[in-house]
Amino acid sequence: MMQFMLLFSRQGKLRLQKWYEAHPDKVKKKITRELISTILARKPKMSSFLEWKDLKIVYKRYASLYFCCAIEQQDNELLTLEVIHRYVELLDKYFGSVCELDIIFNFEKAYFMLDELMVGGEVCETSKKNVLKAIAAQDLLQEDEIVEMALRDIGLI
Amino acid sequence: MPAVRGDGMRGLAVFISDIRNCKSKEAEVKRINKELANIRSKFKGDKTLDGYQKKKYVCKLLFIFLLGHDIDFGHMEAVNLLSSNKYTEKQIGYLFISVLVNTNSDLIKLIVQSIKNDLGSRNPVHVNLALQCIANIGSKEMADAFGSDIPKLLVSGETMDVVKQSAALCLLRLFRTTQEIIPGGEWTSRIIHLLNDQHMGVVTAACSLIEALVKKNPDEYKGCVSLAVSRLSRIVTASYTDLQDYTYYFVPAPWLSVKLLRLLQHYPPPDDPGVRGRLNECLDTILNKAQEPPKSKKVQHSNAKNAVLFEAISIIIHSDSEPNLLVRACNQLGQFLSHRETNLRYLALETMCLLATSEFSHEAVKKHQETVINALKTERDVSVRQRAVDLLYAMCDRSNAEEIVQEMLNYLETADYSIREEMVLKVAILAEKYAQDYTWYVDVILNLIRIAGDYVSEEVWYRVIQIVVNREDVQGYAAKTVFEALQAPACHENMVKVGGYILGEFGNLIAGDTRSAPAVQFQLLHSKYHLCSAATRALLLTTYIKFINLFPEIKSQIQDVLKSNSNLRSSDAELQQRASEYLHLSVTTTTDVLATVLEEMPPFTEKESSILAVLKKKSGRMSAQEAQREARVQAREGNAAPATEKAQNAQLKTKPSSNAAFPIPQLNNSTSADLLGLSTPPATQNSIQSNTGVLVDVLGDLYGGGGTNTHNGTTTPASLSMSGATDNIKKFVCKNNGVLYENDIIQIGIKSEFRQNLGRIGVFYGNKTSMPLQAFNPTVSVGPGQQGKVTVQVKPVEPSIDAGAQVQQLVNCECIEDFNGLPDLTVGFTYGNVPQRLALHLPLSCNKFFEPTDMNGESFFARWKNLSGPLQEAQKIFKATGPMETASIKTKLLGFGMQLLEGIDPNPENFVCAAIIHTRTQQIGCLLRLEPNRQAEMYRLTIRASKESTAQILADLLAEQF
């Protein structure tokens, strides 16, 4: 089971955090700080895997953003790399050449997309098509609401 | 500002831009505080706030939280959003809650009703939101609230696939908090059959749930094995176009494949030959595919393909039954060892560690030794080098130990600081485990100290000393080698410690050579003295007093050092005390006494290396898998030191620490006069064993008033002599130290040590009253059972004990032949003019002269058969008087003085032991078997001994202990 996923920038700024295991905020901050500094100190050719406490850390850098997952001993490292990649693909498809700024400004969308891919720390839906379909349906609902609100504002309903 | 998709919340986007435009941290904090104040006032004052605005502000709070600020309000507004009928408002409410609300928050109660409503909604997107929320923050409370709804959702024919997926993983989360949530019975089969679902996403999600259920209850879910195998088989043989969107970079359903393989690892290889064959075919196919040319150059293709491959290898290792597959797996990993992808090299090294422990593939792994050593030298990534070290450790056996240890030593010189300590431990363990020639072992450890002295933990140098003390053949070599090592101009303090200890014990063995004459040895050690820490100096002082005993010719030289102001008036109390006491010892005692006090250390009890325990504690990686590996290695080597013994190891630490080498009572201890009495080598086997939880600090306990039986001081002598004493004396069969007797007037403590056929018992008499005890006269006499079989010499004591004071009496004893019963100890004194007489026993039983003996199963049974004479065996069947706990039984058997031999009796519940009784005239071999019957709460004890009569004596003694 994945314990958490962190997205952070090369400057060490945390952009997204998803915790599947409950920790007090203080602990979360400490873990985040430690991992960010450990990973940023590593060189590009190094392996993507780390031993950390009793967890395995799998990370990968995409442009200016690091994606970092903590998994348990029996979990598969290589496939976790591909969970990250699938997530990046989804973000990319949705935002169109995703960049760090997209994730900053639309962090809630980034969360919603992750919730379709992973639920409770386990991979839930690996089909890119199905995830995008679900997100598109959400966007449709959002647009309906906006139209409805606009109509209400001008007094049509 | 980039476009915001769907243009949800402009205000949020503006705020985020503002924050990003802040030039400094202060400006950012200021902007945030302004926004927080704004939101707070909106939430408080504005009653007309609509859902959209609430959503916007909650979202801003979320953003502020993600920036790392604490958020202490807004939770209620988020909870309100849950009951909105607008999807996006609900969604933001759920997001806030899953990011900010902890499992145990009081808010959970408030949201349970909203979640319940959404779970029952006819709109599947609402149901899904609720399920995802539970999967994120699910708690026991939620398990209680939704335990019945979610399983229904999961198996209902009407549920949409996407909801089923979330439901499966939601249930998994709740199952992790509350295992009872999964209904048994017909549900089991309905859940298992989700593996047959047409929708791959449903199978993927369900597979994780089933894996968790299987872990808890493998038998109930056994039916999933054949379903999983056939599903796997369909995937593995599918072409990549078959599975459409579930094919990932030309690899068919890698996530589901890996989950299925993982699920199957919870079971042994299937019994059904058909299923088993099909599974092996799958594994075969996966291994074959690894050899095919890649369908894509993309790393995603290779990662997904290899993810499945590694999981397949993992199940092959787990089954450990198909030699052919194991060897193929090993060859495949061998290819990866020199792959250009660092990740693959890393994983190959890691996985090979496990292969190295299988008897089928151990040899195959060894073929890659050179590549692994090369990895150690050339890998640029320390985490990969770490894996290489692990693998070398795992593949090491007698045949390659010297080479591997040498390579590890070479690497240690340049190794990263982060892994040095662990490497030192590993080298030390390998050197000990595979040493055929202990001079090699000594060389390796001294090299370790030389190369990485700072990383050599105490356990490592304790251990080398234990081994040198126990092995006569290596003592001279060790003395010579440390002497040479100490000649280096700069040598590590740990080297000084080892050198000091070894020369103090065995310096005489090299003293014949003029180059290492006594004075030279002393000067060499003393040249390091002033550079060392206080602990090391203390150890060296002990070495010096040992030198006075070994080499009388340099006595005056050493006395000068002890006398020097820097020692005699050292600011360190320990050094001061040692210097002054050793000085007096050397001045006042005769050479005989000195020789007795400073006798050579007796051998340490042979125990599993304490270093191994340290290594396990140190490396977090020592997971269950690692433990399994450990077990396999041991099984392979026929090394029968089971894990339980390791646990005991912690208790049975045999540390030749500077203190233990010559214990110095604490300064504040009024009884420091007993320095010479009992502080001869404390590490005799018996006293070590008595450490196992039964050690009562005689001195500390004395005035604690924790007596077992208190008597009124005016009771008659007759009644005094009765109870209290008898209770405790029994316990002394299995222990050597503790309180023997106590009443209101007096406490009698015992500290005893035995070695071979000799023993020394210190009896401590403490006056608990405020009046002196007069005419104090303790006597010891042997009874008929011991007459002529054991000798007891008692040192006289002063005829009075002052109020609150303690006196000590030494009893020296020798075992002539096996004996029955205990000598009498009669303590007479007058207290307030009333004569008192206590009739006790001296805790000196035949088993005290045991020396534990290790042996393997084969020789145990051979000896057992040899001792078949009718009087050589004694058997007792008796009812248990206490709880039949393994740990306490072991403690008693160890305390009894025998070696516990584990893994020998075919029934793991039984205990077998072996030991030798040393008497002046002969040695008596003794074997023991204790069979607890927990149902009947009975024991059967069988003892066989080489001398007739001994078995019965021992059986009588031990039977009363359970």
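Quick caveat: nothing in here was measured; it's all calculated off a predicted structure.

Please clarify how the sheet that holds strand E1 (residues 2-9) of chain A should be interpreted in this entry.
Sheet strands line up and pair through hydrogen bonds in the backbone, either parallel or antiparallel. All names here are of chain A. Reading across from one edge, E2-E1-E5-E4-E3 is the order of the 5 strands in this open sheet, with antiparallel pairing throughout. Because the sheet does not close on itself, it has two edges, and the strands there are strand E2 (14-19) and strand E3 (49-52). The average undirected angle you get between the axes of adjacent strands in this sheet is 20 degrees. Across 5 bridges, the pairing between E1 and E2 is antiparallel. Counted as the bridge partner of Leu 6 is Gln 17 from E2.

Would you explain the nonpolar core in this entry?
Side chains that are nonpolar tend, in soluble globular proteins, to be buried together. By size, the foremost hydrophobic cluster in this structure holds 283 residues, and its most contacted members are Tyr 87 and Phe 107 of chain A together with Ile 115, Leu 119, Ile 150 and Leu 195 of chain B. Setting aside its immediate chain neighbours within four residues, Leu 119 of chain B contacts Val 127, Ala 130, Leu 131, Ile 134, Phe 146, Asp 149, Ile 150 and Leu 153 of chain B. Core analysis: the second largest hydrophobic core is formed by 65 residues, Ile 729, Tyr 831, Ala 874 and Ile 924 of chain B among them.

When you look at the interface of chain B and chain A in this model, what are you seeing that I'm missing?
Quoted interface sizes are often the accessible area lost when the parts come together. Contact with chain B, which involves 79 residues of that partner, is made by 66 residues of chain A. For the chain B and chain A pair, buried surface summed over both sides reaches about 6,400 Å², with 55% attributable to carbon and sulfur atoms. Linking chain B with chain A are 4 salt bridges, by the criterion used here. Residues Arg 176 of chain B and Glu 122 of chain A are paired through a salt bridge, measuring 3.0 Å at the closest nitrogen-oxygen approach. Linking chain B with chain A are 32 residue pairs in polar contact (both at pLDDT 80 or more). Sort the elements by how many residues they give to the side of chain B that touches chain A and helix H16 (residues 299-319) of chain B lands first, with 8 residues. Split by residue class, the side of chain B that touches chain A holds 37 nonpolar, 24 polar and 18 charged.

Could you clarify how one ought to interpret the pattern of salt bridges in this entry?
Where charged atoms from two side chains of opposite charge come close, those side chains can pair. All names here are of chain B. Counting across every chain of the model gives 51 salt bridges over all chains. Note that Glu 817 and Lys 947 form a salt bridge whose closest N and O atoms lie 3.7 Å from each other. Highlighted residues: Glu 817 in the loop between strand E8 (806-815) and strand E9 (824-831) and Lys 947 in the loop between strand E16 (938-945) and helix H44 (950-959), separated in sequence by 130 residues. Residue Glu 817 is classed as partly exposed on the basis of its relative accessible area of 29%. With a closest N to O distance of 3.4 Å, Glu 902 and Lys 890 form a salt bridge. You can see Glu 902 sitting in the loop between strand E13 (899-901) and strand E14 (911-918) and its partner Lys 890 sitting in helix H43 (residues 886-896), a full 12 residues away along the chain. The exposure class assigned to Glu 902 is buried, which follows from its relative accessible area of 14%.

It is not clear to me how the packing of helix H21 (residues 382-395) of chain B against helix H22 (residues 401-412) of chain B should be interpreted in this structure. Could you clarify?
The angle between the axes and the distance between the axes are what describe a pair of packed helices. Residues and elements named next belong to chain B. One way to put it is that H21 packs onto H22 with a least axis distance of 10 Å and a crossing angle of 155 degrees. Relative to H22, the element H21 lies roughly antiparallel. Classified by chirality, the crossing of H22 by H21 is left-handed. Counted together, Arg 385, Val 389, Leu 392 and Met 395 of H21 and Ile 404, Met 408 and Tyr 411 of H22 form the full contact between these two elements. By residue class, the composition of the contact of H21 with H22 is 6 nonpolar, no polar and 1 charged.

I would appreciate a short explanation of empty space enclosed by the protein in the present structure.
Any empty space left between atoms is shown by rolling a water-sized probe over those atoms. Scanning all chains against the criterion turns up 15 cavities of 30 Å³ or more. Looking at the largest cavity, it is lined by 17 residues, and the ones nearest its centre are Trp 19 and Lys 28 of chain A together with Ser 98, Val 99 and Ile 137 of chain B. Every element with two or more residues in the lining of the largest cavity is listed here: E2 of chain A together with helix H5 (87-100) and helix H7 (124-137) of chain B. Split by domain, the residues of the lining of the largest cavity number at least three in each of domain 1 (1-101) and domain 2 (134-222) of chain B. The computed volume of the second largest cavity comes to approximately 140 Å³. Contributing elements (two or more residues each) for the lining of the second largest cavity: helix H15 (273-291) and H16 of chain B. Here the lining of the second largest cavity is composed, by residue class, of 11 nonpolar, 4 polar and 2 charged.

Before we go on, may I ask you to explain the sheet that holds strand E4 (residues 746-755) of chain B in this structure?
Residues and elements named next belong to chain B. Strand order in this open sheet of 5 strands is E3-E4-E5-E8-E7, and the pairing throughout is antiparallel. If you trace the sheet from one side to the other, it starts and ends with strand E3 (737-742) and strand E7 (790-794), each paired once. This sheet shows a mean twist of 25 degrees between the axes of neighbouring strands, independent of strand direction. The pairing of E3 with E4 spans 5 bridges and is antiparallel. Note that in E4 the partner of Asn 737 across the bridge is Lys 751.

Criteria and cut-off values
- Residues numbered from 1 in each chain as written.
- Chains lettered and ligands numbered in written order.
- Predicted model: local features only at pLDDT ≥ 70, side-chain atom pairs only at ≥ 80, totals over all residues.
- Heavy atoms only, no water.
- Pairing = 2+ DSSP bridges.
- Helix = DSSP H or I, 4+ residues; strand = E, 2+ residues; numbered from the N terminus.
- Axes fitted to C-alpha atoms, helices over the stretch in contact; angles between N-to-C directions.
- Core = buried A, V, L, I, M, F, W, Y, C linked by side-chain atoms within 4.5 Å.
- Buried < 20%, exposed > 50% of the residue type's maximum accessible area, 1.4 Å probe, protein only.
- Contact = heavy atoms within 4.5 Å.
- Buried area = accessible area lost by both parts, 1.4 Å probe.
- Salt bridge = Lys/Arg side-chain N within 4 Å of Asp/Glu carboxyl O.
- Polar contact = N/O pair within 3.5 Å; in protein donor to acceptor, adjacent residues only side chain to side chain.
- Nonpolar A, V, L, I, M, F, W, Y, C, P; charged D, E, K, R; others polar.
- Parallel < 35°, antiparallel > 145°, perpendicular 65-115°, else oblique.
- Left-handed = near helix turned anticlockwise from the far one by under 90°.
- 1 Å grid on protein atoms, 1.4 Å probe; cavity = no way out; pocket = protein on both sides within 12 Å on 5 of 7 lines; lining within 4 Å.
- Points joined across faces, edges and corners; volume = space filled by probe spheres on them.
- Domains from an automatic or database assignment.

Geometry only, nothing functional implied.
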